[in-house]
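Chain by chain, the residues:
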Amino acid sequence: MAICSKNFLFFLFATLSIIRLSYQLQHPLDSITPNEFIQVKALVNHSYPTSNHNLTFHHVGLEEPNKQLVISWLDNSSTTPPPRQAFVIARINHKTHEIIVDLSSKRIISDQIYNGQGYPVLTFYEQNAAVTLVFKYEPFLASISKRGLKIEEVVCEGFAVGWFGEKQKNGRVVKVLCFYKDGTINMYMRPIETITVTVDLEEMKVIHFQDRFMIPVPKANGTDYRESEQRAPFGPQLKGITVVQPDGPSFTVDGNRVRWANWDFHLSFDARSGPVISLASIYDTEKQKFRRVMYRGFLSEIFVPYMGLTEEWYFRVFFDVGEYGYGQCAVPLEPHRDCPANAVFMGAVVAGHDGMPIEMQNVFCIFERNAGDIMWRHTETLIQDELITKEVRPEVSLVVRMISTVDNYDYINDWEFKQIGSIKVTVGLTGLLEVRGSKYTHKDQIHKEVYGTLLAENSIGVYHDHFLSYYLDLDVDGESNSFVKSKMQTTRVTNKNSPRKSYWKVVSETAKTESDAKIKIGLEPADLLVVNPNKKTKVGNPVGYRLIPGSVASPLLTDDDYPQIRGAFTKYNVWVTPYNKSEKWVGGLYTDQSRGDDTLATWTKRNRRIKNKDIVLWYTFGFHHIPYQEEFPLMPTLSGGFELRPANFFESNPVLKVKAPNVVRWPNCST
């Protein structure tokens, strides 16, 4: 790199002063700050001036520092922190660049061109530009007019095109499909079928147009979901309800560090994955110290293949993280509705297509949940006394929430921390179904495959799947861990010492290599654990954490189907790999038009050793979604997830001595 010119240095330091100084580096794993975004933009623009380079920023995020350096710094914060660096994916003159910027020395230390398959995350800017182009395309306007539709009521969006066996590498293109409002805000219930416009994003021009035939646009009646548009009769009205903490919250937020009850963790934001939980540690009251549970955890991918096979539907196979950016699709949370009254809110920052920081308000909410659940209880009925011995402890947990709206679907993403030591991850699916227009108005008219459920007149909810894959770098009481499968095995009683004929016993197997740890959940009863074989309890059990699966689903597509080749990471619910900083995205770093050659399924073909190593657990849960009429015109939330629960991590029940929160008693009020 050449030495910066005086003019460039002036621009760099001048632009840094634009953003308020409240964003200061607090921690090596903190997200990129607004000042740092501007610094990155200035350095990249200096190397590739926009006056003679076509430059678009597709991702700017933290270049994850060396794990051992982070751990060393945590052990002794007086030492020099790990280098602060940013990782940039940019399209420069129609080529994909991977750039690493050293934020301390203010220079680019690596700039490489990626020549493999696939493309970066789509930007909002280019998607909007593609849609704008369509509204100026005369054949499209003629097709809308031919249907008797008002052009001002048409709404369009760009869809990733996927890969279906093409030998040649396609350019960066999207297919633009359209919907109709005119009497409703719920455009997804009114698709304009059989019109497809293909747009080249690099040249920003229409390269293909198709209008096959006309299908009725579904009616607007009964599709609007806005509260202001609803008419009687209404459901029963509930009385007011709220959550109050007169003494304030029991958690503290210091920068991005969150402390609550016996938990201490770091929360950051990534434009691709959304919330990132790091350095989750729990305080052991017996040992009088914090013990590490998880170094880093985040959503790696959401794979959503639709089952429609028509010309306008076969390519609707979505990777919501890698193609669209789950984090950059986060929406501002609404107090009292998205989050309870006792929630505290945090914002985030992403880079725009030009590299400038965009501040997003209320991206996270953090709150204590007291839903009337019981943490533990017992009533002793055998002790004969004047009073029955009864002990109860209510369940109070801490929730970190983000909601991402990826086009029609809203994903409610919760990380929940429990005093018993559990980390529970829940994702709620709501929003709008993707509906296919149809000529049918009654089920009796259907005599062929329509790939979905007739939900209303001319409206078919298309069958589809949701597979959510999580990256979980567990460091259970240290980095060296093993994966153990404890199978419950039915055993016959062969002697006459008991009148019983059978019982079950536990047979534990420690995975030695990656192939040993590939698990399809449900084939046999088993507990799945990550243990530290180097740390044992007083009675000799290895300390560990147990994966409690939820919402188990396996792919129903054939292995040779192109969507499944790209989504091969869904073949098993559980995978375990040795820690590798470059392996974070189960569908590959470049997911748009990927070909399945850089996925979790391909990495594990090396069959690396994982016993007593620094390992990463990958868990995929999901839903096979058959639409039902109760999900029209908007879906009630359907939730699933998993739990990481202590398994011989503590010497005994860690919440035995936890006291219940003080009871809040309100004085009688006349108002």
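Described in the following lines is the structure provided in the data block. Just so we're clear, the structure is a prediction, and the values are computed from it rather than from any experiment.

Looking at the pattern of salt bridges
- This model, assessed by the stated rule, comprises 38 salt bridges.
- We note a salt bridge from lysine 146 to aspartate 211, for which the minimum N-O separation is 3.2 Å. Note that lysine 146 is positioned in helix H5 (residues 138-146) and aspartate 211 in strand E8 (residues 205-211), a separation of 65 residues in sequence.
- One salt bridge in this structure joins lysine 150 and aspartate 182, with 3.4 Å as the shortest N-O distance. Here lysine 150, found in the loop between H5 and strand E5 (154-160), pairs with aspartate 182, found in the loop between strand E6 (173-180) and strand E7 (191-200); they are 32 residues apart in sequence, far enough to count as distant.
- Within the structure, one salt-bridge network assembled from shared partners comprises Lys67, Asp473, Asp475 and Asp614.

Quick look at the sheet that holds E5
- The four strands are arranged E5-E6-E7-E8 in an open sheet whose pairing can be described as antiparallel. Only two strands of the sheet have a single partner each, and these edge strands are E5 and E8. Neighbouring strand axes in the sheet, compared pairwise and without regard to direction, differ in orientation by 30 degrees on average.
- In the sheet, E6 pairs with E7 via six bridges, with the strands oriented antiparallel.

Comments concerning the state of the cysteines
- All told, the structure shown has two disulfides when counted by the stated rule.
- One disulfide bridge connects cysteine 156 with cysteine 178, the sulfur atoms lying 2.1 Å from each other. Judged by the sign of its S-S torsion, about 100 degrees, the cystine formed by cysteine 156 and cysteine 178 is right-handed. Placement of cysteine 156 in strand E5 and of cysteine 178 in strand E6 is noted, with a sequence separation of 22 residues between them.

Brief notes about the packing of aromatic side chains
- Inspection of the entire model under this criterion finds 34 aromatic pairs.
- With 6.0 Å between their ring centres and 55 degrees between their planes, tyrosine 306 and tryptophan 313 make a pair best called tilted. The burial state of tyrosine 306 is the same as that of tryptophan 313; both residues are buried.
- Through a chain of ring-to-ring contacts, the aromatic side chains of Trp415, Tyr470, Tyr619, Phe621, Phe623 and Phe642 assemble into a single cluster.
- Geometry around tyrosine 295 places lysine 67 over its ring, the cationic atom sitting 4.7 Å from the centre.
- Sitting above the plane of the phenylalanine 649 ring, arginine 291 keeps its charged end 3.9 Å from the centroid.

Parameters at a glance
- Residues numbered from 1 in each chain as written.
- Predicted model: local features only at pLDDT ≥ 70, side-chain atom pairs only at ≥ 80, totals over all residues.
- Heavy atoms only, no water.
- Salt bridge = Lys/Arg side-chain N within 4 Å of Asp/Glu carboxyl O.
- Helix = DSSP H or I, 4+ residues; strand = E, 2+ residues; numbered from the N terminus.
- Pairing = 2+ DSSP bridges.
- Axes fitted to C-alpha atoms, helices over the stretch in contact; angles between N-to-C directions.
- Disulfide = S-S within 2.5 Å.
- Phe/Tyr/Trp six-rings, centres within 6.5 Å; stacked < 30°, edge-to-face > 60°.
- Buried < 20%, exposed > 50% of the residue type's maximum accessible area, 1.4 Å probe, protein only.
- Lys NZ or Arg CZ within 6 Å of the ring centre and 35° of its normal.

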